[in-house]
Amino acid sequence: MANPQISIRNLCVDYITAAGDVRAVNNVSFDIGKGEVFGLAGESGCGKSTVAFSLMRLHKPPAYITGGEVIFDGHGDILKKTDAEMSTFRWREMSMVFQSAMNALNPVLTVEEQFCDVIMRHTKMDRKQAIRRAESLLELVDIHPNRLRDYPHQFSGGMRQRLVIAIALALDPKMIIMDEPTTALDVVVQREILQKIYALKEEFGFSILFITHDLSLMVEFSDRIGIMYSGELIEIAPSKQILEAPFHPYTEGLGSSFPPLTGPKTKLTGIKGNPLNLLEIPRGCRFQTRCNKTQPACFTTPTQLSQIEPERFSNCHLFTKIGQ
Ligand SMILES: Nc1ncnc2c1ncn2[C@@H]1O[C@H](COP(=O)(O)OP(=O)(O)O)[C@@H](O)[C@H]1O
Ligand SMILES: [Mg+2]
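Residues numbered from 1 in each chain as written. Chains lettered and ligands numbered in written order. Predicted model: local features only at pLDDT ≥ 70, side-chain atom pairs only at ≥ 80, totals over all residues. Heavy atoms only, no water.

Got a minute to help me understand the overall build of the protein chain in this structure?
A tally of helices and strands in the protein chain yields 10 helices and 12 strands. The C-alpha atoms of the protein chain give a radius of gyration of 21 Å, which matches the 20 Å a tight globule of 324 residues would have. Burial status across the protein chain gives 51% buried among its 324 residues. Sequence separation of 24 or more characterises 62% of the internal contacts of the protein chain that already satisfy a separation of 6 or more. (Helix = DSSP H or I, 4+ residues; strand = E, 2+ residues; numbered from the N terminus. Rg over C-alpha atoms; globule rule 2.2 N^0.38 Å. Buried < 20%, exposed > 50% of the residue type's maximum accessible area, 1.4 Å probe, protein only. Contact = heavy atoms within 4.5 Å.)

Right, here's the structure in full:
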């Protein structure tokens, strides 16, 4: 991709525990364009949150980034930044809405305190200017500015989630990572919030890494989607194509686990078997134990994400053979 906002190359993250060294993210590479929504999907435990935290450098032991580069437009490799450089970079250039973020607000501080804390810590604004900024942020997410003095418990779940999104927007970042940003909310509120985020993105032009296990929401709100399986990115495609014409047998299985958005309802076949135990990685392809299209190479040769069509990448031997 020409001139991406962020370019992730061969990212590896290990959890180093007494039980063994678990490679939870293995050679993950993808770009996100400026103003693009890139969705990251895959079963629970496949490494989505580990990628998200590593990009923000908010991963904590036993997680260690053991390889790769994360090139952020105008900043070079952010994995090489010092902790001090990273703390000015974070929130200002790239911010994050965490999984179950609505519980991330501090219950004993007013919303005003929490907004002013983030704004004043990262900018030269004084308190009066910070309050004015906080008021305009509240308006952006359709909450009346006179609610600034209220405490988190005085807001509904959906409103708390919008408050957290407003904090993520506070310093006008170029990219926002959203890890299951609406999972705890009911379906109607989820869609409302995602529509709001999308409208804000259109207005301000930031890029989004959108993580959810809800593929139909993801297809609706993402430009492109990457599918992860057991720590590896196994397919990248424009969101319109990923379920309609999947390349990787795992993506095909995921697609049949979800009801189609339009057209007749089909039987949900899902994917047999369980995700890999990361302590027992087989030789060859990581998906071999659940795949119904294996060939001899799948048991001997590791797979690699390769470009198959101009906008399509997959790591399946079925396709890389054809492409080579
Ligand atoms: N604190 C931890 N200690 C050891 N291993 C962990 C820890 N957190 C996550 N992992 C490993 O990393 C894998 C990916 O986890 P995670 O990134 O949270 O997945 P996802 O967000 O896709 O559900 C898990 O399957 C597990 O093997
Ligand atoms: Mg997660």
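When you look at the pattern of salt bridges in this model, what are you seeing that I'm missing?
Side chains that carry opposite charge are capable of pairing whenever their charged atoms lie near each other. Counted according to the given criterion, the structure contains 19 salt bridges. A salt bridge links Glu43 to Arg290; the shortest N-O distance between them is 3.1 Å. Of this pair, Glu43 sits in the loop between strand E3 (37-41) and helix H1 (48-55) while Arg290 is found in the loop between helix H9 (249-256) and strand E11 (306-309), placing the two residues 247 residues apart along the sequence. The partner of Asp150 in a salt bridge is Arg147, and the shortest N-O contact between them spans 2.5 Å. A network of salt bridges, in which partner residues are shared, links Glu112, Glu113, Arg127 and Arg149. (Salt bridge = Lys/Arg side-chain N within 4 Å of Asp/Glu carboxyl O.)

Just checking my understanding: could you explain the sheet that holds strand E6 (residues 94-97) for this structure?
Pairing between the strands of a sheet comes from backbone hydrogen bonds, and it takes one of two forms, parallel or antiparallel. Taken in spatial order, the eight strands of this open sheet run E6-E7-E8-E3-E9-E10-E12-E11, and their pairing is mixed. Only two strands of the sheet have a single neighbouring strand rather than two, namely E6 and E11. Recorded for the sheet is a direction-independent mean angle of 20 degrees between the axes of neighbouring strands. By the bridge criterion, four bridges tie E6 to strand E7 (residues 175-179) in an arrangement that is parallel. Following the sheet pairing, Met96 is matched in E7 by Ile177. Strand contacts of helix H5 (residues 157-169): E6 and E7, with the helix running at about 170 degrees to E6, the strand carrying the most contacts. Packed onto the sheet, helix H6 (residues 187-204) meets E3, E7 and strand E8 (207-211) and runs at close to 160 degrees relative to E8. (Pairing = 2+ DSSP bridges. Axes fitted to C-alpha atoms, helices over the stretch in contact; angles between N-to-C directions.)

When you look at H1 in this model, what are you seeing that I'm missing?
At 3.6 residues per turn, the α-helix brings residues three or four places apart onto the same side. Counting buried positions along H1 yields six of eight residues, so the element is predominantly enclosed. What H1 keeps buried is the set Lys48, Thr50, Val51, Ala52, Ser54 and Leu55. A positive backbone phi angle near 55 degrees is found at Arg57, which sits one or two residues after H1.

It is not clear to me how the side chain of Lys196 should be interpreted in this structure. Could you clarify?
Along the chain, the position of Lys196 falls in helix H6. Here Leu140 takes part through its backbone oxygen, which lies 3.0 Å from a polar atom of the side chain of Lys196. In terms of polar contacts, Lys196 uses its side chain to reach the side chain of Asp142, at 3.2 Å. Setting aside chain neighbours within four positions, we find Lys196 in contact with Leu140, Val141 and Asp142. (Polar contact = N/O pair within 3.5 Å; in protein donor to acceptor, adjacent residues only side chain to side chain.)

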